[in-house]
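# Chain and residue survey
Listed below, chain by chain, are the residues.
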Amino acid sequence: MGKNKGKSQGGSPSANTGNQQSPKSSEKPKQSEPVAAPAAVPDAPAAANVEQITEQVNNLHLQNGEEANRDDVMAARKAKAAAKAEKAAKAAAKKEADAAAAAAKAGGEASTAAEPKQNNEENKDAERGGPPQSEMSKEEILAARKAKAVQQRAEKAAKAEGKHKQDQTQQLGQKEDLQSKSNLKQASSSPNGNEKGVRFVAHDQKETRDSIHNAFKPLFDRCESGDCEGPDELCLHFMECARQFISQFTWDNEEQLGTMMDDSLSMTLKAITQTDRYPLPYAMGNVVRQLRKEIMQVGRNAMTKRHLLEWLDDSEQQYFSLANSAISQHLQGKIAAATKIITYDWCPVVNHVLIDSKTKGSLKKLTVLDAAKNGPGVRHLTSLADHMGYVEYGDLTAVGSIFERGSLVLLGCSAVLSSGRVCLPKGAFQLSLVARAANVPVLILAPTYKFVDRAQAASRFALLGKTPLDILPPDLITAIVTDIRLLPPSSAPAVLKAKALDDAN
Amino acid sequence: MELEALKSNAISNLNSLMKNEPNISTGLAAIKTLLKTLEISKATTAIELDAELDAVVSAMESTDHSSTSIRSASNLFRKFISLAPADLIDQPDFVNILNFYNNRGRIFIERVARSRDLIGKFSRPFFAHSTRLLTHSYSKVVLSVLRKAQESGVDLEVFVTESQPNASGKKMHEELTKMGINSTLVLDSAVGYLMERMDAVIVGAEGVMETGGIINKIGTLSIAICAKMMNKPVYVMAESIKFVKEYPLNQSDIPEEFKYRTSVRAGRKDLSSEHPEVDYTPPSFITLLFTDLGILTPAAVGEELIKLYT
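Residues numbered from 1 in each chain as written. Chains lettered and ligands numbered in written order. Predicted model: local features only at pLDDT ≥ 70, side-chain atom pairs only at ≥ 80, totals over all residues. Heavy atoms only, no water.

An unreviewed UniProt entry lists chain B under the name Translation initiation factor eIF2B subunit alpha, from Pristionchus pacificus. Entered under Sequence similarities (unreviewed entry) in the UniProt record, the comment concerning chain B runs "Belongs to the eIF-2B alpha/beta/delta subunits family." Per UniProt, chain B has the following entry under Subcellular location (unreviewed entry): "Cytoplasm, Cytosol". (UniProt positions renumbered as here; feature names shortened; annotations may be inferred.)

As annotated in an unreviewed UniProt entry, chain A is Translation initiation factor eIF2B subunit delta from Pristionchus pacificus. UniProt's Sequence similarities (unreviewed entry) comment on chain A is quoted here verbatim: "Belongs to the eIF-2B alpha/beta/delta subunits family."

Right under this line is the structure:
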């Protein structure tokens, strides 16, 4: 803007031929100030009405000569076309679904009269005290386009959701319809073209929550409130919810119980992952996959709900307490030989190992780092307060001065990929790089259920969408400590095979 | 009491094997001793048998032979023989099971005895006429590989490091010369000077670790680092009975019993004034491992070990 202003002050408006749009936008207000008789728009935005602005625009056309006039007419035509397209889209939406109709109505107000469309829009902008009028013609086009896109997206979602809902009601007997309400909310924000107002995720949450089985709602709410620290807690909570889900679930036909349970669970998962748009966190994906395999057995092979609950208890013990103590056992010798242990962020497995080795007397010195002070790593400090008198704590800026001879880095992870890469909390990459430079071994603590048969990582996960992750390449990792034993990262595929976690299973 | 007799028997057995058959590997001698224990065993339960075998292994580890090789070979041997079908295990008469173990043991030893030939066969295409090789210390596998290449008509030029403090390289040099291979004895400190004119480095190993790295005579690491800097391949010749379930993170993480001979360790707490006998070469410095299982990258070793031990 500033640049253009300087330019327009010196040169005549007609000289701008190369880039017509942007200089035009700045030259108009300059001209309009002396010309527009009824109150200047920016000064009294609330008082401006359609007539005034139309008049103003007309005056502008007269005063500025052909060049500006042509521009405005072009812009108006474009806007008209866009408005028409928008109207057509909305009409289509009307036919499509009842829910979408409300949205079309709300949004349609803007386009009821095709003729004064431009003025109408400008009026709105004037009310907002926004940028000068002639700029709006371009912005308006964009807004219209965005509105159209949003409209279409909403239609799709409404359709899918409607179908989903239908299934859900059939199977679970749930009858709640907040659909039209949320659509209304979305549509009312769409004509403004404000991208933030129409965020798909934001709008979808209520619906998502409704499609989730009651047993899993606490998990969803916890994640929504940002109370869940990582995949370990998530998995544990999921298993707890699954226990509720299984014990609550009833079905007349004993033989079909497993199938119905799986259907219902898959419906919930679909809602959580927004139909696979965001995958489940990898470790949790493993748990879910194995649970579903077991669920499908219910009703067959004399497998009952009680077996399933027992299976859940067993796996919880295996994945968490047993795996943790096995990992700790593998590490005792290494920790005893190290002069100092360095860890980053929070991980329950690391915490277990630290407490265990402190009680066994092998842990001498400990440094905990966080991305920023008072981060999740503080949990290590509070949990070790009873065991250790002194723990070093700092943020990532301290990374240069923490390594000494005989140090050892222990890191928790959220997943180990089949390529040997490891998903870690953000910032662990820096720590590992510095550790490599200081010749300090980096050990990744990973129970085998965190191994996944994927080579690439998704950037966002369902439930943990906000958790940022680093992906550590295998050459920065000295060893992965699993409940089987210490392994090089290159052995990840062998672990998947040995534990039947690969895609073939 | 009986166990004590078993122990002293085992030690004398191992020593005589190593003395009378100069080409036998420590690992093979160890499992032959174990088989002998199986043959004369009068155990009536699996637990008794386990106790006997445990005693024999610890006795063998108390000798001055490479405890890395003894441990790896014994573990793999015991793992292999105990892979019995379920219906056999359920049999009340332990003699049947013992017989089964004996047979499995013999099969295993046959397989192990063949491994050097296999390694020779696998590595043969890697040597061409007047290939220049640098080797370190005395290694029976390397010797047999070079002999095989020589027999098939390839003229090699071999440079052997002295390998102090016990000058085992001298012995290697003598053996090579006896075979008619063009061999040169060089100083340990001349490795950097010589590396640029070598085609490859070829070494044996006392033990192959889960990392894919090796534990070998001290000095191997310096040679491997030097080779890596000058882009020369490092080939390791090792039988699969040398695979050890151990994961060293760095030099200070090598188990004490691997670093010092038993006679050195006996009754001493402070070993800081002793020279370590071995060093650990991490997998990043190793190009390929030639084993009886085939030619492996260091990464493949971990996978083989998972297959063996899960």
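## Topic: the environment of B:Gln164
All names here are of chain B. Position of Gln-164 relative to the elements: it lies in the loop between strand 2 (157-161) and helix 8 (168-179). Linking Gln-164 and Glu-277, residues 113 residues apart in sequence, is a C-alpha distance of 9.9 Å. Beyond its immediate stretch of four places on either side in the chain, Gln-164 contacts Asp-188, Lys-217 and Ile-218. (Helix = DSSP H or I, 4+ residues; strand = E, 2+ residues; numbered from the N terminus. Contact = heavy atoms within 4.5 Å.)

## Let's talk about the pairing of strand 6 (residues 214-217) of chain B
Residue and element names in this part refer to chain B. Relative to strand 6, strand 5 (residues 207-208) runs antiparallel, the two sharing 2 bridges. Within the sheet, the bridge partner assigned to Gly-207 lies in strand 6 and is Ile-215. Hairpin connection between strand 5 and strand 6: a loop of 5 residues separates the two successive antiparallel strands, and Gly-212 in this loop has a positive phi of roughly 95 degrees. Where strand 6 and strand 8 (residues 278-281) come together, 4 bridges link them in antiparallel fashion. (Pairing = 2+ DSSP bridges.)

## Observations regarding helix 7 (residues 140-151) of chain B
Residue and element names in this part refer to chain B. Spanning 12 residues, helix 7 covers 16 Å between terminal C-alpha atoms, matching the ideal 16 Å at 1.5 Å per step. Residues of helix 7 that are buried: Val-141, Val-142, Leu-143, Ser-144, Val-145, Leu-146 and Ala-149. In this structure, the buried residues of helix 7 make contact with helix 6 (94-123), strand 1 (132-135), strand 2, helix 8, strand 4 (200-203) and strand 7 (234-237). The N-capping residue of helix 7, defined by a side-chain oxygen 3.4 Å from the backbone nitrogen of Val-141, is Ser-139. Immediately beyond the C-terminal end of helix 7, within one or two residues, lies Gly-153, with a positive phi of roughly 95 degrees. (Expected span 1.5 Å × (residues − 1). Buried < 20%, exposed > 50% of the residue type's maximum accessible area, 1.4 Å probe, protein only. Polar contact = N/O pair within 3.5 Å; in protein donor to acceptor, adjacent residues only side chain to side chain.)

## A look at the sheet that holds strand 6 of chain B
Strands sit in the order 5-6-8 (chain B) across an open sheet of 3 strands; the sheet is antiparallel. Both edges of this open sheet fall to strand 5 and strand 8 of chain B, since each of them pairs with a single strand only.

## Some details on unusual backbone geometry
The bulk of non-glycine residues show a negative phi, and the bulk of peptide bonds are trans. Residues and elements named next belong to chain B. Residues Gln-164 and Pro-165 are joined by a peptide bond in cis, for which omega reads 10 degrees. For Pro-165, the location among the structural elements is in the loop between strand 2 and helix 8. Located in the positive-phi region is Ser-137, a residue other than glycine, with phi close to 60 degrees. On the secondary structure map, Ser-137 appears in the loop between strand 1 and helix 7. Even without glycine at this site, Ser-163 takes up a positive phi of about 60 degrees. Position of Ser-163 among the secondary structure elements: in the loop between strand 2 and helix 8. Classification of Ser-163 as buried rests on a relative accessible area of 0%.

## Considering helix 3 (residues 46-61) of chain B
All names here are of chain B. Compared with the 22 Å implied by 1.5 Å per residue over 16 residues, the 22 Å span of helix 3 between its first and last C-alpha is a close match. All of the buried residues in helix 3 are Leu-49, Glu-52, Leu-53, Ala-55, Val-56, Val-57, Ala-59 and Met-60. Looking at the buried positions of helix 3, the neighbouring elements they touch are helix 1 (2-20), helix 2 (26-40), helix 4 (67-81) and helix 6.

## Observations regarding the packing of helix 6 of chain B against helix 7 of chain B
Residue and element names in this part refer to chain B. Across the interface, helix 6 lies against helix 7 with an axial gap of 9 Å and an inter-helix angle of 55 degrees. In terms of axis orientation, helix 6 runs oblique to helix 7. Helix 7 is crossed by helix 6, and the crossing has right-handed handedness. Contacts between helix 6 and helix 7 involve Arg-116, Asp-117, Ile-119, Gly-120, Lys-121 and Ser-123 from the former and Lys-140, Val-141, Ser-144, Val-145 and Lys-148 from the latter. Looking at side-chain class alone, the contact of helix 6 with helix 7 contains 3 nonpolar, 3 polar and 5 charged residues. (Axes fitted to C-alpha atoms, helices over the stretch in contact; angles between N-to-C directions. Parallel < 35°, antiparallel > 145°, perpendicular 65-115°, else oblique. Left-handed = near helix turned anticlockwise from the far one by under 90°. Nonpolar A, V, L, I, M, F, W, Y, C, P; charged D, E, K, R; others polar.)

## Points about the sheet that holds strand 2 of chain B
Residues and elements named next belong to chain B. An order of 3-2-1-4-7-9-10 is seen for the 7 strands of this open sheet, with the pairing classed as mixed. A strand with exactly one partner marks an edge of an open sheet, and here the two such strands are strand 3 (182-186) and strand 10 (294-296). Each adjacent strand pair in this sheet contributes to an overall mean axis angle of 25 degrees, direction not counted. Pairing of strand 1 with strand 4, which is carried by 3 bridges, proceeds in the parallel orientation. In the sheet register, Leu-133 faces strand 4, and the bridge partner there is Ala-200. The strands that helix 7 touches are strand 1, strand 2, strand 4 and strand 7; relative to strand 4, the one it contacts most, it runs at about 125 degrees. Taken strand by strand, helix 10 (residues 220-229) contacts strand 1, strand 2, strand 4 and strand 7, and its axis lies near 160 degrees from that of strand 4.

## What about the pattern of salt bridges?
Going through the model one piece at a time under the given rule, you end up with 26 salt bridges over all chains. A salt bridge links A:Glu233 to A:Arg379, with the nearest nitrogen and oxygen atoms 3.3 Å apart. Within this pair, whereas A:Glu233 is found in helix 10 (residues 231-248), its partner A:Arg379 is found in helix 15 (residues 378-384), the two being separated by 146 residues in sequence. Across the salt bridge formed by A:Arg485 and B:Glu210, the nearest N and O atoms sit 2.2 Å from each other. Taken together, the residues span two chains, with A:Arg485 in the loop between strand 10 (479-481) and strand 11 (486-487) and B:Glu210 in the loop between strand 5 and strand 6. As far as the burial class goes, A:Arg485 and B:Glu210 line up, both buried. (Salt bridge = Lys/Arg side-chain N within 4 Å of Asp/Glu carboxyl O.)

## Focus on the packing of aromatic side chains
Across all of its chains, the model carries 11 aromatic pairs over all chains by this definition. Note on A:Tyr319 and A:Tyr449: the rings are 5.0 Å apart at their centroids and 25 degrees apart in plane angle, and the pair reads as stacked. Taken together, the positions of A:Tyr319 in helix 13 (residues 305-337) and A:Tyr449 in the loop between strand 7 (442-445) and strand 8 (451-452) put the pair 130 residues apart, joining distant regions of the chain. You'll find A:Tyr319 and A:Tyr449 in the same group, each marked buried. Judged by centre distance (5.4 Å) and plane angle (90 degrees), the rings of B:Tyr235 and B:Phe290 are edge-to-face. With B:Tyr235 in strand 7 and B:Phe290 in strand 9 (residues 288-291), this residue pair connects regions lying 55 residues apart in the sequence. Take B:Tyr235 and B:Phe290: they sit in the same class, and that class is buried. Ring pairs connect the aromatic residues A:Phe216, A:Phe238, A:Phe245 and A:Phe249, which therefore count as one cluster. Over the face of the ring belonging to B:Phe80 we find B:Arg104, whose NZ or CZ atom lies 4.0 Å from the ring centre. The ring of B:Tyr138 has B:Lys171 sitting right over it, with the charged end atom 4.1 Å from the ring centre. (Phe/Tyr/Trp six-rings, centres within 6.5 Å; stacked < 30°, edge-to-face > 60°. Lys NZ or Arg CZ within 6 Å of the ring centre and 35° of its normal.)

## A few points about the nonpolar core
Of all hydrophobic cores here, the largest spans 60 residues; its most connected members are B:Phe77 and B:Met195. Here this core spans two domains, since at least three of its residues come from each of domain 1 (2-115) and domain 2 (119-309) of chain B. What B:Met195 contacts, discounting residues up to four positions off in sequence, is B:Leu134, B:Val201, B:Ile223, B:Cys226, B:Ala227, B:Met230 and B:Lys232. A:Phe238, A:Ile272, A:Leu308 and A:Tyr449 belong to the second-largest nonpolar core, a separate cluster that totals 42 residues. (Core = buried A, V, L, I, M, F, W, Y, C linked by side-chain atoms within 4.5 Å. Domains from an automatic or database assignment.)

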